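# Report on the structure
Listed here are the chains, written in short residue letters.
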Amino acid sequence: LWNKRSTMSSSKKSSLVTIDSLTDEPSTWHGSSLLSVTQITPEGLSLLMKTSQEMRKLVQSKGGDSRLQHRLLATIFYEASTRTSCSFQAAFKRLGGDVIHVDAGGSTSSTKKGESLSDTIRCLECYVDLSVLRHPVNGSVGEVIQKCCKPVLNAGDGTGEHPTQALLG
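The present account deals with the structure reproduced in this document. Along every chain, residues carry numbers that run from 1 in the direction the sequence is written. Totals for whole chains, interfaces and linings use all residues, but because this is a predicted model, local features are given only for residues with pLDDT of at least 70 and pairs of side-chain atoms are given and counted only at 80 or more. For side-chain calculations, the full set of non-hydrogen atoms in the structure is used, while hydrogens and water are omitted.

## Let's talk about the pairing of strand E3 (residues 72-77)
Counting buried residues in E3 gives five out of six residues, a clear majority hidden from the surface. Two strands are said to pair when DSSP picks up at least two bridges between them. Think of it this way: any DSSP run of H or I at least four residues long counts as a helix, any run of E at least two long counts as a strand, and we number them from the N terminus. Note: E3 against strand E4 (residues 98-103), six bridges, orientation parallel. Across the sheet, Thr 75 pairs through a bridge with His 101, a residue of E4. Handedness of a crossover: with both strands directed away from the viewer, a clockwise path from the first strand across the helix to the second marks it as right-handed. In this fold, the crossover linking E3 to E4 by way of helix H2 (residues 82-94) has right-handed handedness. For E3 and strand E5 (residues 130-135), the ladder comprises five bridges, and the chain directions are parallel. From the neighbouring strand, Thr 75 faces E5, where its bridge partner is Val 132. For every residue, the accessible area obtained with a 1.4 Å probe (protein chains only) is divided by the maximum for its type, and the residue is called buried under 20%, exposed over 50%, and partly exposed between those limits.

## Remarks on the pattern of salt bridges
What counts as a salt bridge is simple: a side-chain nitrogen of Lys or Arg found within 4 Å of a carboxyl oxygen of Asp or Glu. For the structure on display, the rule yields five salt bridges. The salt bridge partner of Asp 129 is Arg 71, with a shortest N-O separation of 3.7 Å. Taken together, the positions of Asp 129 in the loop between helix H3 (117-125) and E5 and Arg 71 in the loop between helix H1 (42-62) and E3 put the pair 58 residues apart, joining distant regions of the chain. Accessibility expressed as a relative area gives 29% for Asp 129, which makes it partly exposed.

Here you go:
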């Protein structure tokens, strides 16, 4: 899963997280986590923008397709964020996938009983193909990515990065 091409500091503790470089080669994106925009090379950004335009046209003309049929996404939010959560869910569903949403800050989450972030992610990994994580602690998403076997997308980690939002700018 890890190409081990790029290393960055993910928290104030200076712990290092090894992350994939995402290039214009589609295989570098497959099965990769997204922690930071610094992973994306300029050529990779061009591929991402081209693919985004293709997806936009697909949604406008057909409403979506079924390329993610039988795939399951977990959106795990320890902080409220309506737009971020709904945008990931809508995109995945428009491509035929399904979503499990975990409001980890809410009253139905096992975090209320003391379950750790690591335990929550490890459990959900058994059910899903991909996770989107938003957490209030800077560096927490990088720590999760180090321990996960399946891809994780950073949807914001405290005062750290929110790479998908940065790409909207």
